[in-house]
Amino acid sequence: MKYKNIREEELKNKVGADWFKQFDTTEIIGNIDFTVFPKQDNLFGRTPLLWAEAKTGNFDIPSMFVQLILTIGKARTFDKTLPPAFLGTFDFKKIAFVPYINVQDIFYLNDFNWNVTPSNHETKEFKLIKERIETILKQNTDVYDFVNDEKDLVAFIKNNIAKATTVSKLKIDKNNFIPIYLRWLEIVKPIIDVNWDDLKKANIFDNDFYLADLFVDDKDTQNIDDDLSIRDSLFVVYQNQGYTIAKENIKQMFDATINLKNKETYLQFWKRYKRPPLKEFQDYIIERRDLLVPQDIRERKGAFFTPRIWVELSQKYLTEYLGENWQDEYFIWDCAAGTGNLLAGLTNKYNIYASTLDQADVNVMHERIDHGANLLENHVFQFDFLNDDFTKLPQSLQDIINNEEKRKKLVIYINPPYAEATSTKTVTGTGENKGGVTTQFKIKEYLNPKIGNATNEIFALFMANIYEKIPNCILGQFSTLKFVNGSNFKKFKEYFLADYVSGFIVPADTFDNVKGNFPIGFTIWNTTNKTKINTIATDIYDKKVDYVGVKNFYGVLPYSINKWIVKFQSSKENSIGTLFYRGNDFQNQNFIYIDLGSTKAHDSELYLNSNNLIISSIYISIRHVIEATWLNDRDQFLYPNAGWQNDVEFQNDCLAFTLFDGQIKISSNDGTNHWIPFTEQEVNAKEKFHSNFMTDFINGKLKVEQTGGSLFDDNTKIGTYENKPLEFSEEAIAVFDAGRELWKYYHSQKDINVNASFYDIREYFQGRNEKTGRMNNKSSDEKYTELIADLRQKQNILADKIKPKIYEYEFLKE
């Protein structure tokens, strides 16, 4: 065997050097194991020639291809960069190639769950893909043995890989039409021979030219004759190697054909894509032309499109509150209308107003009116709600706002932009605050003294501006619920006084352009009644629009859990580890851990010893035993009541849970490991441990200070376990028993570290990813896998026992 008994990284290096030395095999694309590019660049960047899956050992070819396909599909790599001419797989014995074009349809499967682990060959998704491609692979795959087929392999690479200057055309769909547009801006827009300023005056923009390019076929023929709705939606068409303005009222201003300065560049760009877009996405692309703006502008606007299912549900809630005839009895203004999809389904066009920041969006709505949309043209207008003076509004709308009684009948119905000055990268120290997200709004300076840090949120600026300038109106809005329970909204809640009527929450990822696992709510507020936000109850709907219960959000909460834990700080000297923590909600769950390291950016820290070990174990357990979901993502952990102080079983359960928690990252490689919960005799250790701190603590051999300095001078009691062994519940004992078996199995291995921690043991059996350096999720050792699974099962049972106590002692509110 040519490459037997070598590691995967070495295998990839050797295959690259032995067979692809005339190419560049150094580029890394996502989680794809091996890539081949030509060494020479061109105007459009380098065309990828091969993406391949590499495996040590001897694997069946279909399984390797399935893993590669799942890797590509999960990351949608083909949307972010051009796909290659070939996909490939290789192990230590053989290499296989298949043209990308033969399998690309797999990536467009409807209702397929790509969010699975590609290396898990037991998932139904893995088996489904394998079933679908096995016949394709039999017919289209070239397989070569590295030793026996050496000459044939060299010839294949020379005649196919090396000559693959044209790749299979990328199909255009709802996921990639925006990235293609951003590339089009760089390559094609500069070669269109036109004065863009003149076009803007006529409300024709670059995205109109892009859409003209999209809706042609491979022969540059406008491919929309059979679809009148698409043809009528295009303001520009491409024909005879040039552009023509199709908008009737301005055609005479641009009667000449708009030509290209460099037709070869144009042809080379579009050789990469299959036009027109896939049929099932054509209407969506036309409807979402509002997204066709440069990325920095999209982020600054922060817009996200309201799915039709939630539009309909929100109007149902408005009807339940305002009555069946509300559209005739109330006025409606969407002051963040975008292209007006939130207003679809409303019937009384004489009572509806729609404004939006961008004239291009106004143009789209006016075109829709021309084709039957139920709106009045003079009720749809460009207006910058956070900057413009209200005197710019249509007079009929001004008359409503300036009339106290009519104003009470005005419903502000909006899905305002969702953007903020910080992002996760900012918090974790890998990015910068988004410049210009809210600072470009005139209203921010005025509102800052009134609502404080809430001015960093665009939707909060909308809410406050509505409250300020349109008093006593009805507000129905989509937004996150952080203005109810967020820590940056205390001042906002003192300012925004209104009656909560009703509302619902849904998963955020059901909205376009929204990433994250948190709830977005639709809430209705009557601003006539001045009530401070306290508790609001929202109905819960899942992605299938099934009602699943009620969720409470709390506007008035006690002090946070981090105000509690900070009381128990100890000296760094002689500490056994450091608890790192940040934030008070579930979205920060992964940032709560213990290790022997030094201070991390943005983290608070608690040095641990025998005096605060139980306290820190309670904290770790509270933060980790309940899984983070989209529903609880923003729930706040709180300063507890005193009940936990006398519940010794609860305290000891938390210690047992913590000792085997995956977020205890203590490693003997970083210093002395004081966290071994067993004696040498219990696990058949080959040598004495450097530290028996944990078993001494458990057996009552260490002195423990019983009180901690209290934030409220309440002489908080922190335990009743001094100088006597801890007593554990049946569930906790089961966790120790399972953990002991795991430790014993580790100590039966050769060449082990006798002082290994739980983290070290997991690393020993699971190893690390050679690319990322992260610990792998699984192990090839069947006995270890069985033992760790048993430990996790016992720990889950213990977690279920702890969960009710979290609410009983008010660490969380239900």
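As shown above, the structure is provided for reference.
Note that the coordinates shown come from a computational prediction; the quantities given were computed from them, not determined experimentally. Throughout, a residue's number is its position along its own chain's written sequence, starting from 1. Only residues with pLDDT of at least 70 get local features here, since the model is predicted, and only at 80 or more are side-chain atom pairs given and counted; chain-wide, interface and lining totals rely on the full set of residues. The basis for every side-chain value is the complete set of non-hydrogen atoms in the structure, without hydrogens or water.

Trainee: Could you give me a rundown of the environment of Leu702, with the residues and numbers involved?
Mentor: Numbering of helices and strands runs from the N terminus; a helix is a DSSP stretch of H or I covering at least four residues, while a strand is a stretch of E covering at least two. Note that Leu702 resides in the loop between helix H28 (693–698) and helix H29 (730–747). Judged by its relative accessible area of 21%, Leu702 falls in the partly exposed class. The spacing of Leu702 and Ser610 is 92 residues in sequence and 7.2 Å in space, taken between C-alpha atoms. With residues up to four places along the chain from it excluded, the contact list for Leu702 reads Ser610, Phe693, Asp696, Phe697 and Asn723. Each residue gets one of three labels from its accessible area relative to the maximum for its type: buried under 20%, exposed over 50%, partly exposed in between, using a 1.4 Å probe on protein chains only. Residues count as neighbours in contact if any of their non-hydrogen atoms are within 4.5 Å of one another.

Trainee: Give a detailed account of the environment of Leu497, specifying residues and quantitative values.
Mentor: Summarising the element assignment, Leu497 is placed in the loop between helix H23 (490–495) and strand S16 (499–507). Along the chain, Leu497 and Lys532 lie 35 residues apart, while their C-alpha atoms are 4.9 Å from each other. Among all residues touching Leu497, those that are not within four sequence positions of it are Tyr467, Thr527, Asn529, Lys530, Thr531 and Lys532.

Trainee: Before we move on, can you summarise the packing of helix H7 (residues 177–187) against helix H9 (residues 206–214) with the specific residues and values?
Mentor: An axis is simply a line fitted to the C-alpha atoms; with a helix, the fit covers only the stretch in contact. Between two such axes, the angle follows the N-to-C directions and lies from 0 to 180 degrees. Where H7 contacts H9, the two axes come as close as 11 Å, and the packing angle between them is 115°. When the axis of H7 is compared with that of H9, the two are roughly perpendicular. Every pair of crossing elements has a handedness; the one defined by H7 and H9 is right-handed. Seen from H7, the contacting residues are Phe177, Ile180, Tyr181, Trp184 and Leu185; seen from H9, they are Asp206, Asn207, Phe209, Tyr210 and Asp213. Any residue that is not Ala, Val, Leu, Ile, Met, Phe, Trp, Tyr, Cys, Pro, Asp, Glu, Lys or Arg is counted as polar, Gly included; the first ten are nonpolar and the last four charged. Considering only residue class, the contact of H7 with H9 consists of 7 nonpolar, 1 polar and 2 charged. Reported orientations rely on four angle classes, namely roughly parallel under 35 degrees, roughly antiparallel over 145, roughly perpendicular from 65 to 115, and oblique for the rest. For any pair of crossing helices, the crossing counts as left-handed if the nearer helix is rotated counterclockwise from the farther one by less than a right angle, and right-handed if it is rotated clockwise.

Trainee: Can you break down the pairing of strand S17 (residues 519–526) residue by residue, with the values?
Mentor: Regular strands have side chains that alternate between both faces of the sheet. Burial analysis of S17 places 8 of its 8 residues in the buried class, the great majority of the element. The alternating pattern of S17 places Pro519, Gly521, Thr523 and Trp525 on one face and Ile520, Phe522, Ile524 and Asn526 on the opposite face, and all of these are buried. As defined by bridge partners, S16 adjoins S17 across 8 bridges and the pair is classed as antiparallel. Opposite Val506, over in S17, you have Ile520 as the bridge partner. Strands pair, by our definition, only if DSSP identifies at least two bridges between them.

Trainee: Please give an account of the packing of aromatic side chains that cites residues and values.
Mentor: Classification of ring pairs rests on two measures: the distance between centres of Phe, Tyr or Trp rings, Trp counted by its six-membered ring, which must be within 6.5 Å, and the angle between planes, read as stacked under 30 degrees, edge-to-face over 60 and tilted in between. Taken as a whole, this structure holds 70 aromatic pairs when the rule is applied. Relative to Trp114, the ring of Phe112 has its centre 4.6 Å away and its plane inclined at 65°; by these criteria the two rings are edge-to-face. For Phe112, a relative accessible area of 14% puts it in the buried group. When the ring of Phe660 is compared with that of Phe678, the centres are 6.2 Å apart and the planes differ by 45°; the resulting orientation is tilted. Taken together, the positions of Phe660 in the loop between helix H26 (648–659) and helix H27 (680–683) and Phe678 in the loop between H26 and H27 put the pair 18 residues apart, joining distant regions of the chain. Comparing Phe660 with Phe678 shows no difference in burial state: the two are buried. Members of the aromatic cluster, joined through ring pairs, are Trp310, Tyr317, Tyr413, Phe478, Phe504, Phe511, Phe522, Tyr541 and Tyr547. Across the ring face of Phe553, the terminal group of Lys551 is positioned such that the distance to the ring centre comes to 5.8 Å. For the cation-ring pair, Lys665 lies above Tyr593, with the distance from its terminal atom to the ring centre recorded as 4.8 Å. Our definition puts a charge over a ring when NZ of Lys or CZ of Arg is within 6 Å of the ring centre and also within 35 degrees of the ring normal.

Trainee: Hey, could you go over the pairing of strand S2 (residues 50–54) for me, with residue numbers and the actual values?
Mentor: With 5 of 5 residues buried, S2 is to be regarded as a mostly interior element. Of the pairings in the sheet, the one linking strand S1 (residues 34–36) to S2 comprises 3 bridges and is antiparallel in character. Note on S2: the bridge partner recorded for Val36 is Leu50. As judged from the 5 bridges shared by S2 and strand S3 (residues 86–90), these two strands associate in the parallel manner. Along S3, the bridge assignment pairs Ala54 with Phe90.

Trainee: Give a description of unusual backbone geometry that names residues and reports values.
Mentor: Pro276 follows Arg275 through a cis peptide bond whose omega is -5°. Within the secondary structure, Pro276 sits in the loop between strand S10 (273–274) and helix H12 (282–287). A positive phi angle, near 75°, is found at Asn472, a position not held by glycine. Structurally, Asn472 is set in the loop between helix H21 (458–469) and strand S15 (474–479). If you check the backbone angles, Asp751 has positive phi at about 55° while not being a glycine. Within the secondary structure, Asp751 is located in the loop between H29 and helix H30 (758–766). Residue class for Asp751 comes out exposed when judged on its relative accessible area of 79%.

Trainee: Residues and numbers for the sheet that holds strand S9 (residues 258–259), please.
Mentor: The sheet built from 3 strands is open, its strands ordered S7-S8-S9 with antiparallel pairing. Because the sheet does not close on itself, it has two edges, and the strands there are strand S7 (236–239) and S9. Both strand S8 (residues 242–245) and S9 contribute to a ladder of 2 bridges, which runs antiparallel. Across the sheet, Tyr243 pairs through a bridge with Ile258, a residue of S9. Against the sheet, H9 contacts S7, S8 and S9, and its axis sits at roughly 40° relative to S7.

Trainee: Account for the packing of H26 against H29, naming residues and giving values.
Mentor: The interhelical angle for the contact between H26 and H29, taken along N-to-C directions, is 25°, at an axis separation of 9 Å. It follows that H26 is roughly parallel to H29 by the angle criterion. In this structure, the crossing between H26 and H29 has a hand that is left-handed. Within the contact between the two elements, H26 uses Asp653, Ala656 and Leu659 and H29 uses Ala732, Val735 and Phe736. Each residue belonging to the contact of H26 with H29 can be placed in one class, and the counts come to 5 nonpolar, no polar and 1 charged.

Trainee: So, empty space enclosed by the protein: which residues are in play, and what are the values?
Mentor: Only protein atoms enter the 1 Å grid used here, on which a cavity is any set of points holding a 1.4 Å probe that cannot leave and a pocket is any open set flanked by protein within 12 Å on both sides along at least five of seven lines; residues with an atom within 4 Å of a point are listed as lining. Grid points are joined across faces, edges and corners, and a volume is the space filled by probe spheres set on the points. One pass over the full model with this rule turns up 1 cavity of 30 Å³ or more. Taken as a whole, the largest cavity holds about 40 Å³ of empty space. Considering the residues around the largest cavity, the lining is formed by Leu659, Ile664, Ile666, Trp675, Ser757, Phe758 and Tyr759. Class assignment for the residues of the lining of the largest cavity results in 6 nonpolar, 1 polar and no charged.

Trainee: How would you explain helix H5 (residues 124–140) if you had to name every residue and give the values?
Mentor: Here a helix's expected span is defined as the number of its residues, less one, multiplied by 1.5 Å. Along its 17 residues, H5 runs 24 Å from first to last C-alpha, staying within 8% of the 24 Å computed at 1.5 Å per residue. The reported bend at a residue is simply the angle between two axes, fitted to the 7 residues ending at it and to the 7 residues beginning with it. Of all bends in H5, the biggest is about 40°, found at Ile133. Among all positions in H5, only Glu125, Phe126, Ile129, Ile133 and Leu137 are buried. In the core, the buried residues of H5 are packed alongside helix H2 (61–75) and strand S4 (94–99).

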